[in-house]
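Given next are the chains, with one letter for each unit.
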Amino acid sequence: VPAGTLPIFMSPEKADEVAAPILAGMQKVGKPPTLANFDIAPYTKIRVGNDLAACRDALRPELALYIGGMGARNKNYYNDYAKRLGYEAEAVKIQDLYLDGQQRSAAAAVPDRLIDEIALIGPPERIKDRLQAWKAVAKDGKVGTLVLTGATIEALRVVAEAVL
């Protein structure tokens, strides 16, 4: 029976942040450390539009909630994960603002480059270009499926044209 996981957000450039602990866990329980029968299927936000800033802004509140508001100040998996992705100072700031009741400021503090790294946003050509990073990591088996969240018919068409 195939197994898998659904990471809430993932960076294709830093896929080992998800894959390495899975492989280590397999080895720890005496299984071969392979992703051959394991599907890493990240929730990947998608927003198609010519206004890149508006696409990013649509995603900020949910990312701020996870990075800043899920858990206690010293125990938040998503905050720790954002730090492991290279956004340590930003994750601290987002969490401080969020837990201090400043959710809008926390959302505004979500860095553009984090959104660009974990989501598919902007005009169709930009999304198609970004899909190349996902396709590359899929060749290594570190991603099997993209679960597109917020997908419209237009977004699905853009992705289908890029991968078919």
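Residues numbered from 1 in each chain as written. Predicted model: local features only at pLDDT ≥ 70, side-chain atom pairs only at ≥ 80, totals over all residues. Heavy atoms only, no water.

Peer 1: Could you give me a rundown of the pattern of salt bridges, with the residues and numbers involved?
Peer 2: Taken as a whole and assessed by the stated rule, the structure comprises 15 salt bridges. The salt bridge involving D16 is made with K142; its shortest N-O contact spans 2.8 Å. Remark: K142 occurs in the loop between helix 7 (124-139) and strand 5 (147-149) and D16 occurs in helix 1 (residues 16-28); sequence separation between them is 126 residues. A salt bridge links D57 to R60, with the shortest nitrogen-to-oxygen separation between them at 2.7 Å. Residue D57 and its partner R60 are both found in helix 2 (residues 52-69); the two are separated by three residues, about one turn of the helix. Residue classification places R60 among the buried residues on the basis of a relative accessible area of 9%. Residues participating in the shared-partner salt-bridge network are R56, D57, R60, D112, D116 and R126. (Salt bridge = Lys/Arg side-chain N within 4 Å of Asp/Glu carboxyl O. Helix = DSSP H or I, 4+ residues; strand = E, 2+ residues; numbered from the N terminus. Buried < 20%, exposed > 50% of the residue type's maximum accessible area, 1.4 Å probe, protein only.)

Peer 1: Tell me about the pairing of strand 3 (residues 43-48), residues and numbers included.
Peer 2: The pairing of strand 3 with strand 5 spans three bridges and is classified as parallel. From the neighbouring strand, K45 faces strand 5, where its bridge partner is T149. With three bridges connecting them, strand 3 and strand 4 (residues 120-122) associate as parallel partners. Residue pairing for strand 4: I46 is matched across the bridge by L120. (Pairing = 2+ DSSP bridges.)

Peer 1: Describe the side chain of Q95, naming the residues involved and giving the relevant values.
Peer 2: On the secondary structure map, Q95 appears in helix 4 (residues 88-99). Reaching out from Q95, the side chain makes a polar contact with the backbone oxygen of A72 at a distance of 3.4 Å. Within polar-contact distance, the side chain of Q95 engages the backbone oxygen of R73 at 3.4 Å. Ignoring sequence-local partners within four residues, the contact set of Q95 consists of I67, G68, A72, R73, N76 and N79. (Polar contact = N/O pair within 3.5 Å; in protein donor to acceptor, adjacent residues only side chain to side chain. Contact = heavy atoms within 4.5 Å.)

Peer 1: So what's going on with helix 4? Which residues, and what values?
Peer 2: The first and last C-alpha atoms of helix 4 sit 17 Å apart over 12 residues, in line with the 16 Å expected at 1.5 Å per residue. Where helix 4 is concerned, the buried positions are A91, I94, Q95, L97 and Y98. Buried residues in helix 4, looked at end-on, bunch into an arc of 165°, giving them a common side. Across helix 4 from its buried face, at more than 90 degrees, point the exposed residues E88 and A89. The secondary structure elements touched by the buried residues of helix 4 are helix 2, helix 3 (77-84) and helix 5 (103-108). Positioned one or two residues after helix 4, G101 has a phi angle of 85°, which is positive. (Expected span 1.5 Å × (residues − 1). Arc of directions from axis to C-beta.)

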